[in-house]
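Chain residues, written in single-letter form:
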Amino acid sequence: MSLFRRRILIATDPQTAGTRYRAALEDDFHHFRIELVVRDGLIASLHAEAPRHPYSLCPMAADQLQLLVGTAPETSAHAVMRQVNASQQCTHMLELSGLTAAAAARALPQRRYDITVPLRVEGRTQATLDRDGTRLLSWEVQDLVIEGPPPFSGIGLRQGMARWSLSNLSEDMAEAALVLRRCAVISMGKNRPLDAQKHAKLSGDCYAQQPDRAPLALRQVGSTWNFTWQPDQLCRDDLDWIAFKD
């Protein structure tokens, strides 16, 4: 059975604990890195890299993250969605920035998420999330609806889930739920011939998919990898960097 996998690693510089953070995200479709520096309670700098990405213009979205510089990191990772126009950002770089800012605001020394979503069979799958090595969430999903367990039963994965999560779950659990939600949705891309695309869709949903950019955002053929049988390869190239050994 083919699986979608995503790993997120976040760590603070042991020499400047709580001041400089690094984060890496890798899955079948993406590989991004973030470095965030906090000074005097504000984000002093934020830099992003895109080692692997689906469209040629994706790395340029890193410049849009500069809109977060000068803002105060909040303990809610979702706060960045209110601070900028998410449709003008790379969705995954922005979410990784939010997770990193939240880790800084909470003074977390490190955090790790491991997500697995088997490809759907007749629309069904079981999406799981481990945080720091412990199973935290396991959802039975039918198409784009969580069937269980409570309190997630009947919750849709699209519009409204962020609002529901932030209103009904603890801040920490809402963060994890929204991380898993993203993966449960994008995992459906593994059933599609993505490399047949010439360029990004003109959906307006993210930086590369804005109508004025999409025709120029060329599909990066071969950018989709398969970690089904090699979960330990996720973020392997980031380990020294995220440990501040560079």
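Scope of this entry: the structure provided in the associated data block. Along each chain, residues carry numbers from 1 onward, in the same order as the chain's sequence is written. This being a predicted model, a pLDDT of at least 70 is required before a residue's local features are given, and a value of 80 or more before pairs of side-chain atoms are given or counted; all residues contribute to the totals for chains, interfaces and linings. Only hydrogens and water are removed before side-chain values are computed, so all heavy atoms of the structure are retained for them.

**Quick word on the overall build of the protein**
Secondary structure counts use DSSP, requiring at least four H or I residues in a row for a helix and at least two E residues in a row for a strand, with both numbered from the N terminus. Looking only at helices and strands, the protein features five helices and eight strands. Shown N-terminal to C-terminal, the secondary structure of the protein runs as helices and strands in the order β-β-β-β-α-α-β-β-β-β-α-α-α. Rg of the C-alpha trace for the protein: 17 Å, near the compact-globule value of 18 Å for 246 residues, within the 12% margin. Considered along the principal axes of its C-alpha atoms, the protein spans approximately 50 × 45 × 35 Å. Only protein chains enter the accessibility calculation, which uses a 1.4 Å probe. A residue is then buried if its area is under 20% of the maximum for its type, exposed if over 50%, and partly exposed in between. Within the protein, the fraction of its 246 residues that count as buried is 54%. Two things to know: the radius of gyration comes from C-alpha atoms, and the globule rule equals 2.2 Å times the number of residues to the power 0.38.

**Notes on empty space enclosed by the protein**
Buriedness for pockets is judged along seven lines, at least five of which must meet protein on both sides within 12 Å for an open set on the 1 Å grid over protein atoms alone, while cavities are sets there where a 1.4 Å probe fits but cannot get out, and lining residues have an atom within 4 Å of a point. Grid points are joined across faces, edges and corners, and a volume is the space filled by probe spheres set on the points. Within this structure, the stated rule accounts for two cavities of 30 Å³ or more. The calculated volume of the largest cavity comes to roughly 230 Å³. If you trace the largest cavity, you find 20 residues lining it, with Ala 77, Glu 95, Leu 99, Leu 178 and Val 179 closest to the centre. At the level of elements, β1 (3–12), α1 (80–83), α2 (91–105) and α4 (171–186) are the ones that each hand at least two residues to the lining of the largest cavity. When residues of the lining of the largest cavity are assigned to their parent elements, the largest contribution, seven residues, is made by α4.

**Topic: the pattern of salt bridges**
Here, a salt bridge means any side-chain nitrogen of Lys or Arg that lies within 4 Å of a carboxyl oxygen of Asp or Glu. What the rule picks out here adds up to 21 salt bridges. Between Asp 27 and Arg 6 there is a salt bridge; the shortest N-O distance is 2.7 Å. Taken together, the residues span a long stretch of sequence, with Asp 27 in strand β2 (residues 20–27) and Arg 6 in strand β1 at a distance of 21 residues. Using a relative accessible area of 0% as the deciding quantity, one classes Asp 27 as buried. Close ionic contact of Glu 49 with Arg 33 constitutes a salt bridge, the shortest N to O distance being 3.4 Å. Placement of Glu 49 in strand β4 (residues 42–52) and of Arg 33 in strand β3 (residues 31–39) is noted, with a sequence separation of 16 residues between them. By relative accessible area, Arg 33 is classed as buried at 15%. When salt bridges with common partners are traced through the structure, they connect Arg 106, Arg 111, Arg 131, Asp 132, Asp 172 and Glu 175 into a single cluster.

**Re the side chain of His 30**
Locating His 30 in the fold gives a position in the loop between β2 and β3. When neighbours within four sequence positions are excluded, His 30 is seen to be in contact with Arg 6, Leu 25, Arg 52, Pro 54, His 92 and Ile 186. When checking whether two residues touch, look at their non-hydrogen atoms; a contact exists if any pair is within 4.5 Å.

**Looking at unusual backbone geometry**
At the junction of Gly 148 and Pro 149, the peptide bond is cis and its omega measures out at 5 degrees in the coordinates. With respect to the element layout, Pro 149 can be found in the loop between β8 (145–148) and α3 (161–168). Here Pro 150 and Pro 151 are connected by a cis peptide whose omega angle stands at 5 degrees. Of note, Pro 151 is situated in the loop between β8 and α3. Even without glycine at this site, Asp 143 takes up a positive phi of about 55 degrees. Along the polypeptide, Asp 143 turns up in the loop between β7 (134–142) and β8.

Just distances and angles here, no functional claims.
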